[in-house]
Amino acid sequence: MKCIINRRAQFSASHRYWLSELSDAENIQRFGPCINFPGHGHNYVLYVAMEGDLDEYGMVLNLSDVKHMIKQEVTAQLDFAYLNEVWPEFQHTLPTTEYVAKVIWDRLAPHLPIVNIQLFEHPELWSDYSGNAMEAFLTVSTHFSAAHRLASPRLSYEENCEIYGKCARPHGHGHNYHLEVTVKGEIDPRTGMLVDLAALQAVIDEYVVEPFDHTFLNKDIPYFAEVVPTAENIAVHIRDLLQGPIADLGASLHKVKLIESPNNSAEVYASVPTDDAVAAAAPEFATV
């Protein structure tokens, strides 16, 4: 029986974004304060996913062996290191979150049956890499606060209360929404980036955060005049708002996840995932 296990590890390291072929002004325009010498640091958190059959002891792998391998091949070398200089892979390609995830995959794949590398640069920025050449996923998280009322304009108050319960009350209620936007693209062999991160964050702010923040969704967002602003419908609308602008940046929107509360979230894909396991676990429209 196949099973996927995950091992968490962490390391602290610094890096700097700087391309020698660009002028000072061009580097500043492209990378902003990330060009500052001698670099800046992060507390990286790494998740290594591995797949295999259960052995007679009920394990996919001995976790002591896994821990030792990750330490030997990755964390012992990267902890308290300057990433630009620690590994030869970073001599030509900048050590961005997405490229570091790919290089970690390349170094662990000969030793462990890995199926995914997830690397958090900080809690609001992380990358996933699954061994597909230079293709990677980058996730940016943000938030907005808004109120809504769950009630269809085509139904009576009593009918809405029967369907939506307290959420149908006339004055609505509010949430601190947590939004995760995942994009997919090819890692640039020089910059190490699959998308301009500052531009991506600007698009999310322009099309979602600024219009949605501190609003009553039913009244202030025209789309929800006729569409009930459930977490699912909000996620779908955000997906539709972001697909075009993200494509203009040279990447593809992969997934939008909207967390309405610790107990309720919804996620929608820009297209149905092709991997059978992912498709089974997370269809195009999934609510948790």
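Residues numbered from 1 in each chain as written. Predicted model: local features only at pLDDT ≥ 70, side-chain atom pairs only at ≥ 80, totals over all residues. Heavy atoms only, no water.

You'll find the protein entered in an unreviewed UniProt entry as 6-carboxy-5,6,7,8-tetrahydropterin synthase, with Phormidium tenue NIES-30 given as the organism. Regarding the protein, the relevant UniProt record gives this comment under Sequence similarities (unreviewed entry): "Belongs to the PTPS family. QueD subfamily." Within the UniProt record for the protein, the comment given under Cofactor (unreviewed entry) is "Zn(2+)". (UniProt positions renumbered as here; feature names shortened; annotations may be inferred.)

Caption draft 1: Examining the environment of Leu194 more closely. Its place among the elements puts Leu194 in the loop between strand 7 (173–186) and helix 6 (197–212). Here the alpha-carbon distance between Leu194 and Ser252, two residues 58 residues apart in the chain, equals 9.8 Å. Sequence-distant contacts of Leu194, that is, excluding residues within four places in its chain, are made with Glu98, Ala136, Phe137, Leu138, Val183, Lys184, Gly185, Glu186, Ile187 and Ala251. (Helix = DSSP H or I, 4+ residues; strand = E, 2+ residues; numbered from the N terminus. Contact = heavy atoms within 4.5 Å.)

Caption draft 2: Quick look at the pattern of salt bridges. Scanning all chains against the criterion turns up 6 salt bridges. Taking the shortest distance from any N to any O, the salt bridge between Glu89 and Arg107 comes out at 3.1 Å. Pair noted here: Glu89 is in the loop between helix 3 (83–86) and helix 4 (97–108) and Arg107 is in helix 4, with a separation of 18 residues, a long-range link. Residue classification places Glu89 among the partly exposed residues on the basis of a relative accessible area of 25%. Between Arg239 and Asp240 there is a salt bridge, with the nearest N and O atoms lying 3.3 Å from each other. Relative accessible area serves as the criterion here: at 13%, Arg239 is assigned to the buried category. (Salt bridge = Lys/Arg side-chain N within 4 Å of Asp/Glu carboxyl O. Buried < 20%, exposed > 50% of the residue type's maximum accessible area, 1.4 Å probe, protein only.)

Caption draft 3: Representation of the pairing of strand 5 (residues 125–129). Counting buried positions over the 5 residues of strand 5 gives 5, a clear majority of the element. Burial of strand 5 is two-sided: the residues Leu125, Ser127 and Tyr129 facing one way and the residues Trp126 and Asp128 facing the other way are all buried. With 5 bridges connecting them, strand 4 (residues 114–122) and strand 5 associate as antiparallel partners. Bridging across to strand 5, Gln118 finds its partner in Asp128. Taken together, strand 4 and the strand that follows it, strand 5, pair antiparallel across an intervening segment of 2 residues. Direction of pairing for strand 5 relative to strand 6 (residues 135–148): antiparallel, over a ladder of 4 bridges. Along strand 6, the bridge assignment pairs Trp126 with Thr139. If you look at the hairpin formed by strand 5 and strand 6, you'll find 5 residues sitting between the two strands, and Gly131 has a positive phi there, around 85 degrees. (Pairing = 2+ DSSP bridges.)

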